[in-house]
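Letter by letter, the chains look like this.
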Amino acid sequence: MNNSATNTIRLLAAGLRALLVLTVVCGVVYPLVVTGIAQAAFHDKANGSELTSGGKSVGSALLGQTYTLEQKDKDGNPLPDPEYFQPRPSAAGANTENTQYKLLVSGASNLAADSRVLLESVEKRRADVAAFNGVPASSVPVDALTASASGVDPDISPAYARLQADRVAKANGLPRDKVRALVEDHVEGRQLGFMGEEHVNVLKLNVALRELAGRA
Amino acid sequence: MSPVLSGILQLVAVVAALALVYRPLGDHMARVYGSRKHLRAEKWIYRLIGADPDAEMRWPAYLRGVLAFSAAGVLFLYLLQRVQGALPKSLSLGFTAISPDQAFNTAASFVANTNWQSYSGEQAMGHAVQTLGLAVQNFVSAAVGMAVAVALVRGFARSRTGELGNFWTDLVRGTVRILLPLSVVGALVLVACGAIQNFAGIHDIGQLAGGTQQVNGGAVASQEVIKELGTNGGGYFNANSAHPFENPNAFTNLFEIFLILVIPFALTRTFGRMVGNVKQGYAILAAMGVIWLGFTALMMWTEYAHHGAALQAAGGAMEGKEQRFGVGASAVFATTTTLTSTGAVDSFHSSYTGLGGGLTLLSMMLGEIAPGGVGSGLYGMLVMAVIAVFIAGLMVGRTPEYLGKKIGTREIKLAACYILVTPTLVLGFTALSMALSGPPQSILNAAGNSVHDSGAHGFSEVLYAFTSGANNNGSAFAGLNANTPWYNTTIGLAMLLGRFLPMVFVLALAGSLAEQQPVPGTAGTLRTEKPLFAGLLVGAIIVITGLTYFPALALGPMAEGLS
C-alpha cells in the first residue's frame, strides 16, 4: 500500500515535470519565436491591420464598425448615418451584453432557423433597410437581413453595397455615377477566382468615400 | 461563377492539398515513431522528466503515463486559472480569477482535447492562461492522442510481446517533431494573411465615424494553428474561427480546414507503414473519406436549400455566417470540425437549418472517426474495424481475424466497452438535464420561441452540449448558457470520462493484441485491404450509431427539420 502510494506520487511528479518542460517549449519559446518573426516580417498584419486616413488611425481593416448618428430609435438603438455605407447586422455578445460593433465580446445570435425572434428580426430589418435606402423590400439581399458569425464582419455583399450607393450619394451631395463607380472599384472577387464569396470591405469603401467627398 | 460551383471547387482544393501531403507526412510520422535515435533537445527533455526513453512499457505502464501526465495537466491548468487575479496585469490583462466550477470545466476541456468553452475568450482569459495554459494543452493533448493511437498500431504490428513502446518518448516526439514544426510554418502563413500575433493588451482604436472600438491583442496566430492542427478547437475569441483576427479571409478558411484534416488522414498512411502494408491504411482512409465527403455534400445541399421559416424569409442561410466565407465554405468547415474532434467554428451551428444542425450532431455521434481527432480518430476507427471484422466473422461462421490477430472474446469485449462509453455519457447526462427543473432554463431557443411552438431546437442544444463534450469535440449550439455549476460540472465529467475511459480500453486491447502470435493468412481470411471491407466498415459505423442515437435525434433535429 505504502509502496503503491509512493509509486503514484513518483509517477505524478514525472507527469508534472514533463508538463512543465513542455510548457516552456510550447508555451514560452514557441509563441515568442513566432511573435518575433511575425513582428519583424509582417508588422502591420501582426498588429491588427489598422487603416489610416488623413493621418490618423480609423480602425482595423479586418473588423466591422458602426456608422451611426447621435439620435436613437424607439428601442434605444442609434440610427444609421445616411452618409456612410452600413455594415451587416451584428449580434455580438447577444447572449451576454449586446455591444454591437463596440466589442469586446464577438459572437453570433445562435437563434434557430425556425426561431420566431429571428423571423421577426429578419422582417423588421427588411422593412428598415428598404425604407432607409428608398428601395423595394424585395431587393434587400440576405447579408443585410442576417447577423454575421463574428458580430464584427468587415464585409457586405456587392449587392448590398450597390443598393446603398444612391442613398449615400444623395446624403453626401455627390454624383450618383461617381459613388456607383466607387462601389464597383471596391468589389473584391473570390480569391484565385473560386475561394469564398465576393464582398466589399465597408471600412475601405467608406474611407474612399470620405476622400471623394473631400472630407478626409 | 455560382456560389454552389465555388463551394464545390473549394472542397476539391482541400482534397487536392490533402492528397499532396498524405504520403510525405504519413511516412514522416511513421519514421518519427519508429526511430531509435533521439534528438539532442529530446535527450535534455528526457533528463529533465527523469524518464528512460528506451524503456519499453506494457499497457498498464503506458496507461499510467497517460493518466499521470493528464492529471498533472488538469491540476496545473486549474490552478493557473484560479490564480489569474493575482498575476501582474501584463499577464492577466486585468481579468480576475475564474470561478472553481468553470476552472474545472476548462481544465478538463483542454486536457481532454475537447476545448468546450463556457467562457468568452476575450473577456475572461489573459495572456498567461491562453498562452501558458490553453495553447500548451492544445499541443500536448494532441500528442497524447497520437501516442495512444501509435500504441494500438504497435499492438497490431508486434507479436508475442506485451510491449507497446514508451509513452514519454511518443509524447515528446509527437510534440517536437510533428506538431511544433508544422505549427511554426502554419502560424506564419496565418499572420501573413492578417491573423494577429502580439502581446498588446486591450486597447482602443479609432473609428472612421468617430468614437473608438476596443480590440484585444494576443498570441492569436500561434494558438490558432495548433487549435486546428491538434483538432482542439478552443477559440482565442468568443466567435472562434469566425473572428477576422483568427481567420481573416477565404484562403485562411480553407487553410484551417486543411490543418484540421491533415494529421488524422495522414495517420492512416502511418498505420499502413507500421503494420507493413500500406493498403490496409488505404482501406481505413477510404472509409473515412467516404463518410467525410458524403456528410459534406449533404451539408452543402441543406444549407444552400436553407429550409426553416426565418432563413426562408431572409432568402438564404447567412445567419451566423461570414460574408467572406459564404455558405459553401462554411458548410465544409462545419462537417470537418464535427467529424474530427475539433469543434472550432467559422459559422454558428445553432443557426444552421434543422437538418444541417442534425448533421453536425450526427457527425460527432459517429464517434469522430472520419477522420476524427489526431490519434483518437485512428484508434476509434481501428476499434470499429475490429467490430466490423467480428460482424463479418459471425456472418460466415469463422473466427474473426484482423491484420493477422485473432479477435477473440477478450478483444471484442474491450471493443464493445469502448463503443458503449460515449453513448452512455451523452444519453445519460442529456436525460438527466432535461428531467431536472433547473438545467433546462439555460436553453435559448425554448418552445415559446419557435414559430412551430416546438421545443425541438432547445432539446438539441442540450443534446449537442453532451454529445460535443463526451466525444471531445467542443463546438456548441451556443444558445445554451452552459456557464452554470450544473453544466460546468457535468460536461466537465463527460469530457474527462469520454476521453480517458476509451483510452483504457484501447490500451488494454493493444496489450492483448501485442501478446498474440500472428495467424498466417489463408484463402478464407477476410481481405481487410479491399474495398468490400471498407464498405462493410462504413455500414457497421452507420448502423451502430444510427441504432444508438436515432430516438434522441428524432426528438431534436429531425423534428425541427421536418416540421
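Because the structure is predicted, anything quoted here is derived from the model rather than measured. (Residues numbered from 1 in each chain as written. Chains lettered and ligands numbered in written order. Predicted model: local features only at pLDDT ≥ 70, side-chain atom pairs only at ≥ 80, totals over all residues.)

Student: Residue-level account of the overall build of chain A, with values.
Tutor: Counting its secondary structure elements, chain A contains 6 helices and 7 strands. Sequence-ordered secondary structure for chain A, helices as α and strands as β, is α-α-β-β-β-β-α-β-α-α-β-β-α. Against the compact-globule benchmark of 17 Å for 216 residues, chain A has a radius of gyration of 24 Å, which places it well outside the compact range. Viewed in the frame of its principal axes, chain A has a C-alpha envelope of about 85 × 45 × 40 Å. In chain A, once contacts between residues fewer than 6 apart in sequence are set aside, the share between residues at least 24 apart is 51%. (Helix = DSSP H or I, 4+ residues; strand = E, 2+ residues; numbered from the N terminus. Rg over C-alpha atoms; globule rule 2.2 N^0.38 Å. Contact = placed C-beta atoms within 7 Å.)

Student: I'd like to hear about the overall build of chain B, residue by residue, with values.
Tutor: A count of helices and strands for chain B gives 18 helices and 4 strands. In summary, chain B has a C-alpha radius of gyration of 23 Å against a globular reference of 24 Å for 563 residues, a match within 12%. When the backbone C-alpha atoms are referred to their principal axes, chain B occupies close to 75 × 55 × 50 Å. Split into buried and exposed, the 563 residues of chain B put 64% on the buried side. (Buried ≥ 20, exposed ≤ 12 C-beta atoms within 10 Å, placed from the backbone.)

Student: Before we move on, can you summarise the domain arrangement of chain A with the specific residues and values?
Tutor: Where interface size is quoted, it is often the accessible area lost as the parts come together. Under the domain assignment, chain A is made up of domain 1 (2-46) and domain 2 (50-212). The C-alpha-based centres of domain 1 of chain A and domain 2 of chain A are spaced at 42 Å. (Domains from an automatic or database assignment.)

Student: Go over the interface of chain B and chain A, please, and point to the residues and values.
Tutor: Taken residue by residue, the interface counts 105 residues in chain B and 89 residues in chain A. Here the residues of the side of chain B that touches chain A are counted per class, giving 57 nonpolar, 40 polar and 8 charged. (Nonpolar A, V, L, I, M, F, W, Y, C, P; charged D, E, K, R; others polar.)

Student: Tell me about the nonpolar core, and name the residues and values.
Tutor: Counting 247 residues, the largest nonpolar core has V148 and V506 of chain B as its most contacted members. Counting residues domain by domain, this core receives three or more from each of domain 1 (2-46) and domain 2 (50-212) of chain A. (Core = buried A, V, L, I, M, F, W, Y, C linked by C-beta atoms within 7 Å.)

Student: Go over helix α6 (residues 202-212) of chain A, please, and point to the residues and values.
Tutor: Residue and element names in this part refer to chain A. Regarding α6, the residues found buried are V202, L203, L205, N206, V207 and L209. Tucked inside the fold, the buried residues of α6 contact β1 (50-53), β2 (56-60), β5 (155-156), α4 (158-172), α5 (176-185) and β7 (199-201). Following α6 by one or two positions, G214 adopts a phi angle in the positive range, close to 75°.

Student: Explain the sheet that holds strand β6 (residues 187-188) of chain A to me, using residue names and the numbers behind them.
Tutor: All names here are of chain A. Read across the sheet, 3 strands follow the order β5-β7-β6 without closing on themselves; strand pairing throughout is antiparallel. The sheet is open, and its two borders are formed by β5 and β6, each paired with just one other strand. Bridging between β5 and β7 involves 2 bridges; their strand directions are antiparallel. In the sheet register, I156 faces β7, and the bridge partner there is V200. (Pairing = 2+ DSSP bridges.)

Student: With reference to specific residues and values, describe the pairing of β2 of chain A.
Tutor: Sheet faces and side chains relate simply in a regular strand, where the side chains alternate between the two faces. All names here are of chain A. The pairing of β1 with β2 spans 4 bridges and is antiparallel. Residue pairing across strands places T52 opposite S57, the latter belonging to β2. Once β1 ends, the chain turns through 2 residues before running back antiparallel as β2, passing G54 with a positive phi of about 60°.

Student: Let's hear about the confidence of the model for chain A: which residues, and what values?
Tutor: The share of residues in chain A with pLDDT of 70 or more is 93%, and the mean pLDDT across the chain is 91. Of the regions scoring below 50 in pLDDT, residues 94-100 of chain A engages in 16 contacts with residues more than four places distant in sequence or in other chains. (pLDDT = per-residue confidence, 0-100.)

Student: I'd like a rundown of the environment of Y84 of chain A, residues and numbers included.
Tutor: The residue Y84 of chain A is located in the loop between β4 (78-80) and α3 (116-133) in this model. Taking the C-alpha atoms as reference, Y84 of chain A lies 8.7 Å from R210 of chain A; in sequence the two are 126 residues apart. When near neighbours in sequence (up to four residues on either side) are disregarded, Y84 of chain A contacts Y67 and N206 of chain A together with A209 of chain B.

Student: Just give me the short version of the packing of helix α3 (residues 59-82) of chain B against helix α5 (residues 100-111) of chain B, but keep the residues and values in it.
Tutor: Residues and elements named next belong to chain B. Contact geometry of α3 with α5 gives a least axis separation of 8 Å together with a crossing angle of 140°. In terms of axis orientation, α3 runs oblique to α5. As α3 packs across α5, the resulting crossing turns out to be right-handed. On the side of α3, the interface is formed by S70, G73, V74, L77, Y78, Q81 and R82, while α5 contributes A103, F104, T106, A107, A108, F110 and V111. (Axes fitted to C-alpha atoms, helices over the stretch in contact; angles between N-to-C directions. Parallel < 35°, antiparallel > 145°, perpendicular 65-115°, else oblique. Left-handed = near helix turned anticlockwise from the far one by under 90°.)

Student: Kindly report on the confidence of the model for chain B, identifying the contributing residues and their values.
Tutor: Residue and element names in this part refer to chain B. For chain B, the mean per-residue pLDDT works out to 94, and 100% of the residues sit at or above 70. Taken element by element, the predicted model of chain B shows its lowest mean pLDDT in strand β2 (residues 212-215) (83) and its highest in helix α9 (residues 250-274) (98). At the level of chain-chain contacts, confidence expressed as ipTM amounts to 0.94, with global pTM at 0.96.

Student: Residues and numbers for the environment of V207 of chain A, please.
Tutor: Here V207 of chain A lies in helix α6. Sequence separation between V207 of chain A and G54 of chain A is 153 residues; the distance between their C-alpha atoms is 9.5 Å. Among residues more than four places away in sequence, those in contact with V207 of chain A are L51, S53 and V58 of chain A together with L208 of chain B.

Student: Please provide a residue-by-residue account of the packing of helix α7 (residues 167-193) of chain B against helix α8 (residues 220-229) of chain B, values included.
Tutor: All names here are of chain B. Running from amino to carboxyl end, α7 crosses α8 at an angle of 125°, the nearest separation of the two axes being 8 Å. Classified by the interaxial angle, the pair formed by α7 and α8 is oblique. With respect to the hand of their crossing, α7 and α8 are arranged in right-handed fashion. Only A221, S222, E224, V225, I226 and L229 of α8 make contact with α7, whose side of the interface consists of L179, L182, S183, G186, A187, L190 and V191.

Student: Which residues make up unusual backbone geometry, and what values do they have?
Tutor: At the junction of A370 of chain B and P371 of chain B, the peptide bond is cis and its omega measures out at 0° in the coordinates. Residue placement: P371 of chain B occurs in the loop between α13 (354-365) and α14 (376-396). Phi is positive for N110 of chain A, close to 60°, though the residue is something other than glycine. For N110 of chain A, the location among the structural elements is in the loop between β4 and α3. In this structure N110 of chain A comes out as buried when scored by C-beta crowding, with 26 C-beta atoms within 10 Å. At E368 of chain B, a position not held by glycine, the phi torsion is positive, near 50°. Of note, E368 of chain B is situated in the loop between α13 and α14. E368 of chain B sits in the buried class, given 26 other C-beta atoms within 10 Å.

Student: Describe in detail the pairing of strand β1 (residues 203-206) of chain B, supporting the description with residues and values.
Tutor: Residue and element names in this part refer to chain B. Summarising the sheet, β1 and β2 pair through 4 bridges and their orientation is antiparallel. Considered in β2, the bridge of H203 is made with V215. Turn length for the β1-β2 hairpin, with the two strands adjacent in sequence and antiparallel, is 5 residues, and the turn residue G210 shows positive phi of about 95°.

Student: Outline the environment of M503 of chain B, supporting the account with residue identities and numerical values.
Tutor: Tracing the chain through its elements places M503 of chain B in helix α17 (residues 485-515). Sequence-distant contacts of M503 of chain B, defined by excluding residues within four places in its chain, comprise V66 and V148 of chain B.

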